[in-house]
Amino acid sequence: MNALHLYLQNLDHNYRYIRKHLQPSTQCIGVVKAAAYGSHSIAFAKRLVELGIDSLAVAYTEEGVQLRESGILTPIMVFYPQKDTLQSLLHADLEPCLYSKELMETFESLLNQNGIQNYPIHIKYNTGLHRVGFALEEINWVLDKIVAPCFQLKTVYSHLAASEEKRPSSQCDLQIQRFQHIREQHSHSNKNLPKFHLLNSSGVFNYPELQFDAVRCGIALHGFANRPEWDQQLKPIAELETHISQIHEVHEGESVGYDQGWKASKNSRIACLPLGHADGIGRHYGNQRSSVQIHGNQAPVVGNVCMDMLMVDVTEIQCKEGDRVLLFGKDYTASDFASQGGTISYEILTAIGPRIKRILHP
Ligand SMILES: *Cc1c(COP(=O)(O)O)cnc(C)c1O
């Protein structure tokens, strides 16, 4: 059977490691969007709450509603609330990150219609990533708007486009400068001074002097920080396990997989593994670009990955049907596997499909 093992003790380690490197007054926002990076959103969020996380963040309203329904009472930010979900956001007591005039005015009307005052909100600025966020030219508009009695401005933030890039980074420096400007503007004209935050996981490692009042950590909680020397300080949580379904003797000249993706240059043994595209293993892992671990040996993926299966060459490996296979884990990590497929830990972790059972190890 396939399993995504989740070692929650490693989450404890990662959280404490990050915490140790924060100023005592800096809060930690635990980012648990996308099913907590493909792991198990409720178990993961609950563990963070036990560890003392200050608040949680998700991408979309529905993700926050799910956490509320599981009984989590911690403040939950919604990074990318969509207009048509603001009503359910309100019902679930979630905190929207407002990033445009349109969104802010819509939310204001909704609060006023419901006679709600002092509702916690967050303001997101675009300082150069050009994803969502208010433009710098809109600061004055925002400053005028946030005095409305329906709002209680909790935090103001932005997001770096290259927080892992070697310093000095001209992209980051420009964004930092702009963020400092935003911070000054907001500090001058506000009675209730909001909190400020800029850093994601890599930022915590790369810019320890820019922690401000909070940091937003996602991938680091899972054991990765986008540079080998930082990754080494953390422990990966997830291990993806499968088993050999069948082994074929393939004769020299015969092919394996769709479109004859691989041809045997000698008599070979080919093992079939019961996972494929539907489980998050994309085409780019096929045709010998990646390998899996069988009893400590690397078995290359041969031919094209299929929807439900993939094939590996085990000619040189002592193994039999039913034997355990690891795609990634503690030694050979999700980040290592992902880079073979030309991608990053974030993608492989969040791609692991719903057919694969999550097994929690407390
Ligand atoms: C996803 C996200 C994060 C977390 O980033 P990591 O690199 O996983 O730490 C932080 N901030 C925002 C706005 C995000 O969307």
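Here the structure is a predicted model, which means the values were calculated and not measured. (Residues numbered from 1 in each chain as written. Predicted model: local features only at pLDDT ≥ 70, side-chain atom pairs only at ≥ 80, totals over all residues. Heavy atoms only, no water.)

Q: With reference to specific residues and values, describe the site of the ligand.
A: In the neighbourhood of the ligand, 14 residues make up the surrounding shell, with K33, Y37, Y80, S201 and Y346 lying closest. In the model, an oxygen atom of the ligand is placed 2.5 Å from a nitrogen or oxygen of the S201 side chain. Relative to its unbound accessible area of 390 Å², the ligand is 97% covered by the protein chains. Those elements that provide at least two residues to the shell around the ligand are helix 2 (33-38) and strand 9 (214-217). Residues of the shell around the ligand, tallied by class, amount to 7 nonpolar, 4 polar and 3 charged. (Near = heavy atom within 4 Å. Polar contact = N/O pair within 3.5 Å; in protein donor to acceptor, adjacent residues only side chain to side chain. Areas by Shrake-Rupley, 256 points an atom, 1.4 Å probe, with all protein chains shown as cover. Helix = DSSP H or I, 4+ residues; strand = E, 2+ residues; numbered from the N terminus. Nonpolar A, V, L, I, M, F, W, Y, C, P; charged D, E, K, R; others polar.)

Q: Account for helix 6 (residues 101-113), naming residues and giving values.
A: With 13 residues, helix 6 extends 18 Å between its outermost C-alpha atoms, agreeing within 8% with the 18 Å of an ideal straight helix rising 1.5 Å per residue. Among the residues of helix 6, those classed as buried are L103, M104, F107, E108, L110 and L111. Along the axis of helix 6, the buried residues cluster in a sector spanning 165 degrees; they form a single face. Downstream of helix 6 by a residue or two, G115 has a phi angle that is positive, lying close to 60 degrees. (Expected span 1.5 Å × (residues − 1). Buried < 20%, exposed > 50% of the residue type's maximum accessible area, 1.4 Å probe, protein only. Arc of directions from axis to C-beta.)

Q: Give me the lowdown on the domain arrangement of the chain, citing residues and values where you can.
A: Looking at the chain, the domain boundaries give domain 1 (8-225) and domain 2 (238-361). Each partner contributes residues to the interface: domain 1 has 12 residues there, and domain 2 has 10 residues. Of the roughly 940 Å² buried between domain 1 and domain 2 on both sides combined, carbon and sulfur atoms contribute 68%. A per-residue breakdown of the area domain 1 buries against domain 2 is headed by Y37, I219 and F224, which together make up 47% of the total. Connecting domain 1 to domain 2 are 0 salt bridges. Linking domain 1 with domain 2 are 3 residue pairs in polar contact (both at pLDDT 80 or more). Among the elements of the structure, helix 1 (8-20) and helix 2 are those that each provide at least two residues to the side of domain 1 that touches domain 2. (Domains from an automatic or database assignment. Contact = heavy atoms within 4.5 Å. Buried area = accessible area lost by both parts, 1.4 Å probe. Salt bridge = Lys/Arg side-chain N within 4 Å of Asp/Glu carboxyl O.)

Q: Give a description of the packing of aromatic side chains that names residues and reports values.
A: Counted under the stated rule, the structure contains 13 aromatic pairs. Plain terms: the ring middles of Y17 and F205 are 6.1 Å apart, the flat faces sit at 15 degrees to each other, and that makes the pair stacked. Highlighted residues: Y17 in helix 1 and F205 in helix 9 (residues 201-206), separated in sequence by 188 residues. Comparing Y17 with F205 shows no difference in burial state: the two are buried. Here the aromatic rings of F179 and F196 are separated by 6.4 Å at their centres, their planes lie at 75 degrees, and the arrangement is edge-to-face. One end of the pair, F179, is in helix 8 (residues 170-188); the other, F196, is in strand 8 (residues 195-197), with 17 residues separating them in the sequence. Joined through ring pairs, the aromatic side chains of Y60, F79, Y80 and Y157 make up one cluster. When the ring centre of F196 is taken as origin, the NZ or CZ atom of R183, which lies over that ring, is 5.7 Å away. (Phe/Tyr/Trp six-rings, centres within 6.5 Å; stacked < 30°, edge-to-face > 60°. Lys NZ or Arg CZ within 6 Å of the ring centre and 35° of its normal.)

Q: Go over the packing of helix 1 against helix 3 (residues 41-51), please, and point to the residues and values.
A: One way to put it is that helix 1 packs onto helix 3 with a least axis distance of 11 Å and a crossing angle of 45 degrees. In this view, helix 1 runs oblique relative to helix 3, as classed from their interaxial angle. By crossing handedness, the relation of helix 1 to helix 3 is classed as right-handed. Contact with helix 1, carried on its side by L8, Q9, L11, D12, Y15 and R16, involves F44, R47, L48 and L51 of helix 3 and no other residues of that element. Along the lines of polarity and charge, the residues of the contact of helix 1 with helix 3 split into 6 nonpolar, 1 polar and 3 charged. (Axes fitted to C-alpha atoms, helices over the stretch in contact; angles between N-to-C directions. Parallel < 35°, antiparallel > 145°, perpendicular 65-115°, else oblique. Left-handed = near helix turned anticlockwise from the far one by under 90°.)

Q: Before we move on, could you go through the side chain of S268 and cite the residues and values that matter?
A: Locating S268 in the fold gives a position in strand 14 (residues 268-273). On the basis of relative accessibility, which here comes to 5%, the residue S268 falls in the buried class. A distance of 2.8 Å separates the side chain of S268 from the backbone oxygen of K266, its partner in a polar contact. Residues within four places of S268 in sequence aside, it is in contact with H248, E249, V250, W262, D313 and T315.

Q: Residue-level account of the nonpolar core, with values.
A: By size, the foremost hydrophobic cluster in this structure holds 113 residues, and its most contacted members are L48, F107, I123, I281, I294, V312 and F328. Here this core spans two domains, and each of domain 1 (8-225) and domain 2 (238-361) adds at least three residues to it. Residues W262, A264, C272 and V302 belong to the second largest nonpolar core, which totals 9 residues. (Core = buried A, V, L, I, M, F, W, Y, C linked by side-chain atoms within 4.5 Å.)

Q: Would you mind going over the environment of G133 in detail, with residue names and values included?
A: Note that G133 resides in the loop between strand 6 (119-124) and helix 7 (139-145). In this view, G133 contacts Y99, K124, Y125 and N126; residues no more than four positions away in its chain are not counted.

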